[in-house]
Structures are given as C-alpha cells and as structure tokens.
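# What the coordinates show
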Amino acid sequence: MSQKSKKIRTSSSIATRLAIRIIGISTLITLLISSLGLYIDYQNRIEGIKKDAEVIKTTRLASIENSVWNRDIEQLNTQIAGLLKHPDVASVEISEYGETMVHRGEPTTGDMIRYEFALSRDEFDSSESFGSIVIEYTKKNIEGQLAERFIHMIMILGAAIMLLAGIVFFIVYQDVVRPITNIARSMTKFDDNNLPVGALAPYREMGEELQSLYDSYNGNVEKVRAYNEALSKAKLAAENANQKKSEFLANMSHEIRTPMNGITGMASLLKNTRLDKEQTEFVEMLETSSISLLDVINDILDFSKIEAGKLELNKKEFSLFELSRDLERLFKLPALDKGLKLATHLDDRLDQSVIGDPARLRQVMINLVGNALKFTDKGHVEFDISMIKQDDRSLLVQFSVEDTGIGIATEKLTQVFEKFEQADGSLSRSFGGTGLGLSISYQIVELMGGILSVESQLGYGSRFHFSISLDRPIRELASTEETRVFEGKSILLVDDSRLNMRITNTQLSNMGCDVVCCTRSADALGIVEKQHHLGKPFDLVVLDKNMPEMDGVRLGKQLRNELKDECPSMIMLTASPEDIDTDELASSGFSDCVGRPYVVSEFKKVIAKAINFPVAVAERTEELQQESITDKNYKPQFEGRVLVVEDTLINQKVTEAMLERLGVDVEIAENGISACKLVQQSRYDMIFMDCQMPVMDGYEATSVIRDIENTQHIHTPIVALTANATEEFRQRCLEAGMDDYVAKPVSKGALEGMLRLYLPKS
C-alpha cells in the first residue's frame, strides 16, 4: 500500500552533527565531573569548620570562661585575637548576662555559619550560666577558593576529554562518516540522461556493513539504468504506434465526413421538396441515421485530436441564457417522446454574456443531457447552470445534469470516463454508443480548467457535474441615459417558455423598458385592454410565434381586430424565421419579425423602428456598450472588517464575494468556536452569523461573544443568516443577542442594507 511521502526537514551534515554531539557530551561530562569534585571539596571544608568549632569548644572555652568571670579584658582580647587568626572566622562576640562585653571582627553578610557556646561556672556542685560566646564563620573564602579550583579542574579535564573526543571523532569520521558521505554525494550525481551514477568506494578498507551498503546501491543503480533503457525503447515504440493510430483516425474521420456532409445536406434539401408520406418517412430516417453517424465520426475525430494533443479552445463572448435555451429546445421533443420531464434551471445571478468556448461547452452539455435521456425511461432529466462565486473579472459556474435513470454501479464509477467504456459493457446491453462521449467530455472540461465528476446509485439515477471559470467581458460603464435607451417605454412580453421569457425580459429591462410578462396568450388581450383603460397603454407588444393555446400570429390578429387603431406596435419572435409568411405577418399588424437566437443590437434596432424611436440613438448606445475599457474610477461603497460565520463552503464563497464587492474586508469562520476565538484575537466592525452549524451553533456563539464584549465594554453588530424567516426565529435571534437577521437565500441587496444600517464607516 502506497503512503504519502512526508517532507524531511533539511539538516546539517553527518560530520557537523557528530562533532556537535561529541563537543556537547564532552562539555557535559567535564561539567559533571568538575561539579562533583567541587561538591566534595565544599562538604570537606564545611566539615573542617565544624571540627574547628568543636576544638575551640573543648580546648579554649574554659580559659575564655575564666577571663570573662575575672573580667580580664586584656587576656580576653588576646584569646579572641587567637580565634580571629583562623581565615574563615569572621567575628567573635562575647556576652555577659545578656549584654555584649566584647565584639571583634567584621560584620558578616550573605551566607555564613554561626556557632554559639554558653559560658558557665561550677559552684557548690551546680553550674551557673553567666554569658555566651558567638563565633561566625564566613563562606566567602571557601567559595572563592572553590571557584578557582573549579576553573582549574574544567581546564584540565576539558582538555583531556576534548583530546579523547577528537580521537574518537577522527576514528568515527574515517570509518563511518566519510563512506556514508561519499554515497550521499554519489546519489545526487546524474549523467546527461538524468540517470544515477554508481558510488566509488574509498581507498581504505570499510566495515562489512558499509561495504554491503555500497554494493547494494551500485547494484540498484545498474538495475535502474537497465530498466530505463528498456522503458525508453518501449516508450518510443508506443509513441510511434500511437502517432500512427491518431493519424489514421484523423484521416479516416475527415475522409468519411466529406461524403457524410453531402448525404445530410441532400437529405435536408430533399425534405423541403414535395414528397408523399412514405418518401417523407424515408428521408427522415435517412437524415436521422446520417446525423447519428456524424456524431460517432465527430467523437472519433475529437478523440484523435485529444490523442494528438491538438484540441484547442476557441474563446469568445457568448450567452449562458442562450446556451440553456438551446439545450431545452434541442431535447424538449425527445424527452416528450419518452414521457420524461425535462427541467432546466439557470441562476439569475449569472451575467448576460461571458467569455469561453461556447462550441465545446455546448458539446459537453449535449453529451451529458443526451446520455441522461438515453439511459432514463421514467422520471425526469434536469440540467442546472448556477454560479458558485464571482469577482470583477470572472465567474465560477457549475454545470450539472441529473436524471432518474438506470444509474451506475459503485465499482463502475471510476471507469465511465475511460475510452471505449460504458457502465454496461455486456453483449446484451440495450444502449448503443461508442463509449467515447464521456471520455471526450472529461478531457474537454479538463482543458477548460475543471473536473467532470459523477455521483450515482444503481437503479436511482446519476448526476454529472463540473465547475469552470468564465471570464467577464470588460465593458465601459456607460451613463444611464446611454444604456437605458428606451427608458420609460412600456412593453408587454407574451411567451409560454419561462426560460425564453426570462432572457428577453432581462434584455428589455437592461434597455430601460418597463416590462409586463404574460405566459398565456389567452390573457394577453385583457392585459392590453386594462392598461389602455388606465391611461397607460403599451408602447410595444412582443409575441412568441409558437404557443400552445393560440400562436403569435392569431394573437396578433385578435389584438388588431379588437383594438383597431389603439393597438400598440407588435414584434414577432420565432425560432423558425424561414417558416414565416412575411405578407401574412404584415397584414396582421406586425412591424417586424426577429429570429432566435438573435443579436441584441439587431433586436434593439427592430424595437426602435417599431416604436418610432431614432435608430441612430440605439446604434450609438450599442457602440458605447461594445467599447472594452475598464472603469478605474469605481470605489467601494463601504469600509470595515466583517466576520462571516458559515459552515457551508458554497455559502461562504457566495457571501464573501458579495461583501467584498461592497468594499469590506471579509474573514471566514467555519463554526461558532472558531468565531469566538477570532473575536478574542481581533476586533470586527460587523458579524454575519449562520444560525445552524455543527460544533457550536450561531445562537450559542453569539451568547459567548456578548459575554466577551461585556468585559471589554464594546458591542459589535451581529446579523443572523437564517433560512427560517419567521417571527419565532427572529425573536430567538434577538434573545441570543443578535441585532438583526437576513433570510436565506442571501442577496447582495440585503447585505448592502445591513451594512448601511450597522456599519459605522458607511
């Protein structure tokens, strides 16, 4: 079993380490021996003082008693002078009946030894004490002499031990360190082919163990060189074979694509001629089969490009809204044919335009959604495009496709992205395909900077997902008058597709229009009449052609017939402009028709023409929006340090990105305990606190923070982040010590409102 290698801390050489250890040990031994000798000398000197005191007591005390009793001061001074001749005696004091009679010597300071003997006289078979003698011995001389002795011992012992250590070091260095150092140096030497070279043994003889080490290392070097030679030959042969295979696949794919394009083109042309029912069926079968074959050929061609390392991305500006709409339109009918629900979700926070490779991204999504439909017989297929985080220059976008199909066994999950592999590889499998689609998609996503992953359970469905970074187009922030060119214009948008309606609604709103949306054609007439009676008629009605209850042409005719001259201008939107009868459209009151997908600038010109708006102004606005310069005058709205306490990584990133775009410095804590530690270490201007977290929830963390602040006499605004926007939870937040709360999902506007309310530097 492989283990993760640990980084070894860089150290000094063996010789240096050995020398340091020998010097250290020698010094320690010298100190220990010297200290032991010093201690013994010290004890001997103390014992000598003790014996001297005993001698004084036994030999001189009687004469001193007589001198004191007879008050023979001269004799007493002579006796005391004799005692003071001892080098360690500092002072002598004689007292009679509690009063000092004689005191000779210097006062002692510091550590000293004191002996006191009673003076007495025997009379009538009894002893009477009439005074005392106190003799004080100083340790000053002892300590000085011992210190000098200690230095001499260290010098002598140190020199001897260091000499012995030097001899030991020389022997060890020659017999052990030098051979090991030689091997270590040899291990860092490589030849021109980056292969290790053998180690040369020293001239003198080595120990058996070191000789074995040299032989083993040189043997391994020879094996590595032989293995590398064989590997180089095999690698060269494999590269040649792989190159030939890739060239063959590329040539074959191109050769087949040329006639296949002719077949599909002719089938498409033939389909638009007059054919009977049987001929139409044959042509449709021919077209379907040729398209399927082209898909297989495209997979083989992409595979050959990837193998040859020639697959490159072509980055340009495109719309994620249009990508989502195209996918929905492409797979809507196949899903209905299988009785499946096709659900789409597009994050409202995504920009209208991004920069990436739309063709390759579309290829990956078509492959994933197509696979989901192919392997799902009941339930639903859902694809989702959502934003994970953003900054001024890019968006991190997640793409996911989820189905309720057959699923993938756990042991097969690691194989689904391999070439020519499918989860069901048996001969009796019910699904076709080359097994290249997911492998190609995986490598395209990897080329885009992401990783295609899968989560699945056998019998319950699968979820494929990846995240990639898409750049934002750099545009000039034009003035409000220039960007919102149709400011105040009222428009009714009628479309049964909510995705298409969201895209068109966003585009019209960005132009400054007041948009009213309607998903049912039957309700459109009533809405127009109501606005007319209120004195706020629509300036324009934008209709989708294909709607279930009543198509756009019929609805336009109805509006024209009912409202006559009061009918607003009308524009038709259609995904099949080639099927539009322009004469019928004009007679129904439509000023123009716009085919999807359309260019926003052209759509703007059509609107300007329909509402009699100067076209030049619309064109000038589009030019201003297309000029790519960076706004260097943008300044953040707020200043301050904000702590975000949130346990979910995605929510952390989203909240952090929103707050940073508002100008504040953000720090993240993953739970309540981490937040309390950070609050103790530094000061924050505001705290956003998630309520439900592991380890310590937001309510408990807030209580702890308030206890900390009470000792410091400060108060930091704490705003709760909660998915429960009820009065009960609001009250619980306030009881815990929070100042306010924001309901999830959190929006940038809600965060801005809280900053404006509580941040002191706003």
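Note that this is a predicted model, so its numbers are computed, not measured.

### A few points about the sheet that holds strand E1 (residues 89-96)
Taking strand neighbours across the sheet as the criterion, the 4 strands line up as E2-E1-E4-E3 in an open arrangement whose pairing is antiparallel. With one partner strand each, in any of the chains shown, strand E2 (99-105) and strand E3 (112-123) form the two edges of the open sheet. Within the sheet, the average angular offset between the axes of one strand and its neighbour, ignoring direction, is 20 degrees. When E1 meets strand E4 (residues 126-138), the two strands line up antiparallel, connected through 7 bridges. In the sheet register, Glu93 faces E4, and the bridge partner there is Val134. The sheet strands contacting helix H2 (residues 61-70) are E1, E2, E3 and E4, and the helix crosses E3 at an angle near 65 degrees.

### Looking at a negative patch on the surface
There is a patch of like negative charges on the surface, built from Asp276, Glu278, Glu281 and Glu284. Checked against the element boundaries, Asp276 lands in the loop between helix H5 (208-271) and helix H6 (277-308).

### Structural notes on the UniProt feature "modified residue: 4-aspartylphosphate" (unreviewed entry) in the protein chain
Mapped onto this numbering, the UniProt entry annotates "modified residue: 4-aspartylphosphate" (unreviewed entry) at Asp544 and Asp690. With respect to the secondary-structure elements, Asp544 resides in strand E14 (residues 540-544). Classification of Asp544 as buried rests on a relative accessible area of 8%. Sequence-distant contacts of Asp544, defined by excluding residues within four places in its chain, comprise Val494, Asp495, Asp496, Gly552, Met572, Leu573 and Arg596. Secondary-structure assignment places Asp690 in strand E19 (residues 686-690).

### A few points about the sheet that holds strand E15 (residues 569-574)
Pairing within the open sheet is parallel, and its 5 strands lie in the order E13-E12-E14-E15-E16. A strand with exactly one partner marks an edge of an open sheet, and here the two such strands are strand E13 (514-518) and strand E16 (590-595). Pairs of neighbouring strands in the sheet enclose a mean axial angle of 20 degrees, with direction left out of account. Pairing between strand E12 (residues 490-494) and E13: 5 bridges, direction parallel. In the strand pairing of E13, Val494 is matched with Cys518. With respect to the sheet, helix H11 (residues 498-510) is in contact with E12, E13 and E15, its orientation differing from that of E13 by roughly 165 degrees. Here helix H12 (residues 521-533) sits on the sheet and contacts E12, E13 and E14; the angle it forms with E12, its principal contact strand, is near 160 degrees.

What counts and what doesn't
Residues numbered from 1 in each chain as written. Predicted model: local features only at pLDDT ≥ 70, side-chain atom pairs only at ≥ 80, totals over all residues. Heavy atoms only, no water. Pairing = 2+ DSSP bridges. Helix = DSSP H or I, 4+ residues; strand = E, 2+ residues; numbered from the N terminus. Axes fitted to C-alpha atoms, helices over the stretch in contact; angles between N-to-C directions. Contact = heavy atoms within 4.5 Å. Patch = residues over 30% accessible without salt bridge, like charges linked within 9 Å, V, L, I, M, F, W, Y side chains within 5 Å. Areas by Shrake-Rupley, 256 points an atom, 1.4 Å probe, with all protein chains shown as cover. Salt bridge = Lys/Arg side-chain N within 4 Å of Asp/Glu carboxyl O. Lys, Arg positive; Asp, Glu negative; His and termini not counted. Charge placed at Lys NZ, Arg CZ, Asp CG, Glu CD. UniProt positions renumbered as here; feature names shortened; annotations may be inferred. Buried < 20%, exposed > 50% of the residue type's maximum accessible area, 1.4 Å probe, protein only.

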